[in-house]
Amino acid sequence: MRPATVIWAMERANRYRSLFLEAQIMNADAIHAALGLTFTAIWLLVGQILVGNRQDG
């Protein structure tokens, strides 16, 4: 192989690797946001149950 072809192949591999890593980071952010929203929803639901039970008693 010619040196220019090897350099081109290495640059192309690095570009795809960086895109893969960025996709992983975005995926982690999406999971983190989903967990945060789920926790908030459960927190509010439990709070409503506790307040409702306190008023009934």
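Data block above holds the structure.
Counting starts from 1 at the beginning of each chain's written sequence and moves along it residue by residue. Residues qualify for local features only when their pLDDT is at least 70, as the model is predicted, and side-chain atom pairs are given and counted only at 80 or more; totals for whole chains, interfaces and linings, by contrast, use all residues. Just so you know, side-chain values use all the structure's heavy atoms and leave hydrogens and water out.

Enquirer: Could you give an account of the overall build of the protein, naming the residues involved and the relevant values?
Expert: Each helix is a run of H or I in the DSSP string that is no shorter than four residues. Each strand is a run of E no shorter than two, and both are numbered from the N terminus. Scanning the protein for helices and strands turns up one helix and zero strands. We get accessible surface area from the Shrake-Rupley algorithm with a probe of 1.4 Å; when it comes to residues, only the shown protein chains can shield them. Summed over all atoms, the accessible surface of the protein reaches about 5500 Å², with 69% contributed by carbon and sulfur.

Enquirer: Describe the packing of aromatic side chains, listing the residues and the values that go with them.
Expert: Centres within 6.5 Å make a pair out of two Phe, Tyr or Trp rings, where for Trp the six-membered ring is used; the pair is then stacked when the planes are under 30 degrees apart, edge-to-face when over 60, and tilted otherwise. A complete count under the given rule lists one aromatic pair for this structure. Each ring, one from F39 and one from W43, has its centre 5.7 Å from the other, and the planes form 35°; the classification is tilted. Taken together, the residues F39 and W43, both in helix α1 (residues 3–56) and four residues apart, mark about one turn of the helix. On the basis of relative accessible area, F39 is assigned to the exposed category, the value being 52%. For the exposure calls, accessible area comes from a 1.4 Å probe over protein chains only, and a residue counts as buried if that area is under 20% of its type's maximum, exposed if over 50%, partly exposed in between.

Enquirer: Lay out a nonpolar patch on the surface in plain terms, naming residues and giving numbers.
Expert: A patch is a set of surface residues, each over 30% in relative accessible area and not in a salt bridge, joined within 9 Å for like charges and within 5 Å for the nonpolar side chains Val, Leu, Ile, Met, Phe, Trp and Tyr. Just to be clear on terms, a salt bridge is a Lys or Arg side-chain nitrogen sitting within 4 Å of an Asp or Glu carboxyl oxygen. Taken together, F39, W43 and L44 make up a surface patch of nonpolar side chains, about 400 Å² in accessible area. On the basis of relative accessibility, which here comes to 60%, the residue W43 falls in the exposed class.

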